Amino acid sequence: MENNQALSQPLYGLEDRPSTWETFLLGFQHMLAMFVGVITPPLIIAGVLGLNVAETGFFVSMALVASGITTYIQCRKVGPVGSGLLGVQGTSFTFVPMAIGAAKTGGMPLVLGMSLIAAPVEIILSYFIKQTKRFFPPIVTGTVVMLIGLSLVQVGITDFGGGVGAKNFGGLQNLFLGSLVLVMIIIANRYGKGMMKVGSIAIGLIVGYIVAILMGLIDFTPVVEAGWFTLPVPFKYGFSFDFMHLLPWLIGYLITTIESIGDLTAVAEVSGERVDTETHIERLSGGILADGVGSVIAAIFNSLPNTTFSQNTGVIQLTKVGSRVVGYAAAGILLVLGLVPKFAAIVSVMPNSVLGGATIAMFGMIATSGIKIVTKGGLTDRKLFILALSLAFGLGVTMKPSIVAQLPQWVSAILSSGITVGAIISIALHLILPEDEVVENVDNIDEEVAV
């Protein structure tokens, strides 16, 4: 049956092995797509803690090291841990509010301690993916993927205009750079062949970077000041625990579990893999387990929890490359960047508008991946109804998070994520509105109209 076949036709499938040069270039693209997302949470927490430049640099480096290690585990699949898919791991924004609260109460030890203590929740949940399968049909996972993509569009368009807090936000030079990168990606991806096509994102970003240098928009001072090597120090800051902070962290891991199910389903979909098989359930179980184990590893290496990164699904969609070996390359690059801060600094000085030119396209592609998942097997009135309400409330909360600010703190923590709200509504409606009941109602309406 056509509906049971994967919707994407990748250039390189999961088990394919691109050439060494292609693999490196594709891994480099994945790193560029998620670099800012990895380093931003630790920068935010470092600011809250008032860390000096050296400590902040170490904190950011450890985030990159943890990302490299956990990405390899996710893609390689070490025993039962890992999905075996091209799932790039990185520091999760979901935990930033919880980490800020912990930082203000008990400093870095409490941040890392809560991250470590709560991580087993996700590990436990990974063993019950099959039992909860009926809660995550294509209409639910597809809706979550759409919400992930659509919510990230705001991040992409903000970077396109110059980034958060930019004095010249929306200025001509920012719009020019973002548009230049986007045009280069379109030309390389749609009209290029071979390496030019698969490397379209990297080509666009490199061109934008070079033009930004020529325009005098890049300050290389951070590169000069950055060190050459950082040695990981496990448990450097120690750990502490506060029961009062436990619930928000448990909720955070529940949220990332839901998001990762959608992310990994989207990765499988755009990689040409079927998502309606036992194999996919096993991959989801291993992937969620990798999220949990990866967060434990991240805490040991003085970093925030790690989870599957949504934006990298867009890279797979654009390049049509879902080979797991590309994940190994991305993991290696992230590890090197973490151990050699000077290399990381070269990437970190990239103007936001250059990055935005690439991410705005990738995030849009994530949303369209969700559409593919939802429409698999046909688009019924029932699916449209569930999708409409889930998107309306999910995007509504994303656009206006203050709508839940007056609720009790633990409720607000859950419902402040539009992705979570959309997931809850889609799951509830899926369970409340059985397929047969809706079809029968539609038929009755048709008969009444005919009369």
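Along each chain, the written sequence defines residue order, and numbers are assigned to residues from 1. Where totals are concerned, whole chains, interfaces and linings use all residues; where local detail is concerned, this predicted model gives features only for residues with pLDDT of at least 70, and gives and counts side-chain atom pairs only at 80 or more. As a rule here, side-chain values cover all heavy atoms of the structure and leave hydrogens and water aside.

1. Some words on the overall build of the chain
For step 1, the next point in the chain: Strands are runs of DSSP state E lasting at least two residues, helices are runs of H or I lasting at least four, and both sets are numbered from the N terminus onward. Check the secondary structure of the chain and you find 19 helices and 2 strands.
For step 2, the next point in the chain: Counting all 451 residues of the chain, 54% fall into the buried class.
For step 3, the next point in the chain: The contact criterion used throughout is that any non-hydrogen atoms of two residues lie within 4.5 Å. Summarising the internal contacts of the chain: among those between residues at least 6 apart in sequence, 84% fall at separations of at least 24.
For step 4, the next point in the chain: The protein chains shown are the only cover counted for residues, whose accessible areas, like all others here, come from Shrake-Rupley with a 1.4 Å probe. Roughly 18900 Å² of accessible area belongs to the chain as shown, and the carbon and sulfur atoms make up 68% of that amount. Partly exposed describes any residue whose relative accessible area lies between the buried limit of under 20% and the exposed limit of over 50%, with all areas from a 1.4 Å probe on protein chains only and scaled to the type maximum.

2. Some remarks on the packing of helix H6 (residues 172-191) against helix H15 (residues 352-375)
For step 1, the next point in the chain: To obtain each axis, a line is fitted to C-alpha atoms, and for helices this fit is confined to the stretch in contact; angles are then taken between N-to-C directions over 0 to 180 degrees. Two elements in contact, H6 and H15, have axes whose closest approach is 7 Å; the angle formed by their N-to-C orientations is 45 degrees. In terms of their interaxial angle, H6 and H15 are classed as oblique. Relative to H15, the crossing made by H6 is right-handed. The residues of H15 that touch H6, namely those facing Asn174, Leu177, Gly178, Val181, Leu182 and Ile185, are Ser353, Val354, Gly357, Ala358 and Ala361.
For step 2, the next point in the chain: Split by residue class, the contact of H6 with H15 holds 7 nonpolar, 4 polar and no charged. Between 65 and 115 degrees an angle is taken as roughly perpendicular, under 35 as roughly parallel, over 145 as roughly antiparallel, and anywhere else as oblique. The hand of a helix crossing depends on one turn: near helix anticlockwise from the far one by less than a right angle means left-handed, and clockwise means right-handed. Note on residue categories: nonpolar means Ala, Val, Leu, Ile, Met, Phe, Trp, Tyr, Cys or Pro, charged means Asp, Glu, Lys or Arg, and polar means any other residue, Gly included.

3. Notes on unusual backbone geometry
For step 1, the next point in the chain: The backbone of Lys77 sits at a positive phi, close to 65 degrees, despite the residue not being glycine.
For step 2, the next point in the chain: For Lys77, the location among the structural elements is in the loop between helix H2 (53-76) and strand S1 (89-91).
For step 3, the next point in the chain: Lys77 sits in the partly exposed class, given a relative accessible area of 35%.
For step 4, the next point in the chain: The backbone of Phe235 sits at a positive phi, close to 60 degrees, despite the residue not being glycine.
For step 5, the next point in the chain: Residue placement: Phe235 occurs in the loop between helix H9 (221-225) and helix H10 (246-270).

4. Looking at the pattern of salt bridges
For step 1, the next point in the chain: Salt bridge, as applied in this entry: a Lys or Arg side-chain nitrogen positioned within 4 Å of an Asp or Glu carboxyl oxygen. Tallied over the full model, the rule gives 1 salt bridge.
For step 2, the next point in the chain: A salt bridge links Arg283 to Glu273; the shortest N-O distance between them is 3.0 Å. Taken together, the residues Arg283 in helix H11 (residues 278-300) and Glu273 in the loop between H10 and H11 connect sequence positions 10 residues apart.
For step 3, the next point in the chain: Looking at Arg283, the relative accessible area reads 15%, which means it is buried.

5. Considerations on H15
For step 1, the next point in the chain: Expected helix span is taken as 1.5 Å per residue step, with the number of steps being one fewer than the number of residues. In a regular helix each residue adds 1.5 Å, so 24 residues correspond to 34 Å; H15 covers 34 Å between its end C-alpha atoms and thus fits that length.
For step 2, the next point in the chain: In the structure, H15 departs most strongly from a straight axis at Ala358, where the bend amounts to approximately 25 degrees.
For step 3, the next point in the chain: With respect to burial, H15 is a largely interior element, 17 of its 24 residues being buried.
For step 4, the next point in the chain: The positive-phi residue at the C-terminal boundary of H15 is Gly377, with phi of around 85 degrees. The angle between axes fitted to the seven-residue stretch ending at a residue and the seven-residue stretch beginning at it gives the bend at that residue.

6. Focus on the confidence of the model for the chain
For step 1, the next point in the chain: Scored by pLDDT, the chain has a mean of 80; 88% of the residues are at 70 or more.
For step 2, the next point in the chain: Element-level pLDDT for the chain is lowest in helix H19 (residues 435-450), with a mean of 46, against a maximum mean of 91 in H11.
For step 3, the next point in the chain: With pLDDT under 50 throughout, residues 1-8 is counted as low confidence; its partners more than four residues away or in other chains account for 16 contacts.
For step 4, the next point in the chain: Every residue is assigned a pLDDT by the predictor, reflecting its confidence on a scale from 0 to 100. Throughout residues 436-451 the model reports pLDDT below 50, and contacts reaching past four residues in sequence, or to other chains, amount to 4 contacts.

7. Side note on the side chain of His30
For step 1, the next point in the chain: Within the element layout of this structure, His30 appears in helix H1 (residues 20-49).
For step 2, the next point in the chain: Setting aside chain neighbours within four positions, we find His30 in contact with Leu86, Val88, Asn312, Val315, Ile316, Val326 and Ala330.

8. Quick word on the side chain of Thr307
For step 1, the next point in the chain: Relative to the helices and strands, Thr307 is located in strand S2 (residues 306-308).
For step 2, the next point in the chain: Among the residues examined, Thr307 registers a relative accessible area of 5% and is labelled buried.
For step 3, the next point in the chain: Whenever a nitrogen or oxygen atom comes within 3.5 Å of another N or O atom, the pair is scored as a polar contact, on the condition that within protein one atom can donate a hydrogen and the other can accept it, and that pairs from neighbouring residues in sequence are kept only if both atoms are in side chains. Separated by 2.9 Å, the side chains of Thr307 and Ser260 make a polar contact.
For step 4, the next point in the chain: Side chain to side chain, Thr307 and Asp291 meet in a polar contact 3.0 Å long.
For step 5, the next point in the chain: In this view, Thr307 contacts Val88, Gln89, Gly90, Ser92, Thr256, Ser260 and Asp291; residues no more than four positions away in its chain are not counted.

9. Quick notes on the packing of aromatic side chains
For step 1, the next point in the chain: Side-chain rings of Phe, Tyr and Trp, where Trp is taken by its six-membered ring, are said to pair if the distance between their centres is within 6.5 Å; with planes under 30 degrees apart they count as stacked, over 60 as edge-to-face, and otherwise as tilted. Here the structure, examined in full by the defined rule, presents 5 aromatic pairs.
For step 2, the next point in the chain: Seen in terms of ring centroids, Trp21 and Phe24 are 6.0 Å apart; in terms of plane orientation they differ by 25 degrees. Their pairing is stacked. Of this pair, Trp21 and Phe24 both sit in helix H1, separated by 3 residues, roughly a single helical turn.
For step 3, the next point in the chain: Judged by its relative accessible area of 54%, Trp21 falls in the exposed class.
For step 4, the next point in the chain: A centroid spacing of 6.2 Å and a plane angle of 20 degrees characterise the contact between Phe24 and Phe28, whose relative ring orientation is stacked. Placement of both Phe24 and Phe28 in helix H1 is noted, with a separation of 4 residues, approximately one turn of the helix.
For step 5, the next point in the chain: Through successive ring pairs, a cluster of aromatic residues spans Trp21, Phe24 and Phe28.

10. Some points on the packing of helix H5 (residues 138-160) against H10
For step 1, the next point in the chain: Following both chains from N to C, one finds H5 and H10 inclined at 95 degrees, their axes separated by 8 Å at the closest point. Classified by the angle their axes make, H5 and H10 are roughly perpendicular. Packed against H5, whose contacting residues are Thr141, Val144, Val145 and Ile148, the element H10 presents Ile258, Glu259, Ile261, Gly262, Asp263, Thr265 and Ala266 at the interface.
For step 2, the next point in the chain: The residue inventory of the contact of H5 with H10, partitioned by class, reads 6 nonpolar, 3 polar and 2 charged.

11. A word on the environment of Gly82
For step 1, the next point in the chain: Checked against the element boundaries, Gly82 lands in the loop between H2 and S1.
For step 2, the next point in the chain: Classification of Gly82 as buried rests on a relative accessible area of 0%.
For step 3, the next point in the chain: Once the C-alpha coordinates of Gly82 and Gly286 are considered, the two residues, 204 residues apart in sequence, prove to be 4.5 Å apart.
For step 4, the next point in the chain: Residue contacts for Gly82: discarding those within four places in its chain leaves Ile73, Gln74, Lys77, Gly286, Gly287 and Ala290.

12. Section: helix H13 (residues 324-339)
For step 1, the next point in the chain: Here H13 contains 16 residues, and its C-alpha end-to-end distance of 23 Å stays within 8% of the 22 Å for a straight helix at 1.5 Å per residue.
For step 2, the next point in the chain: Along H13, the positions that sit buried rather than exposed are Arg324, Val325, Val326, Gly327, Ala329, Ala330, Ala331, Ile333, Leu334, Leu337 and Gly338.

13. Structural notes on the environment of Ala330
For step 1, the next point in the chain: Relative to the helices and strands, Ala330 resides in helix H13.
For step 2, the next point in the chain: Residues Ala330 and Gly68, spaced 262 residues apart in sequence, show a C-alpha to C-alpha distance of 7.3 Å.
For step 3, the next point in the chain: Once residues within four sequence positions are removed from consideration, Ala330 is found in contact with Gly27 and His30.

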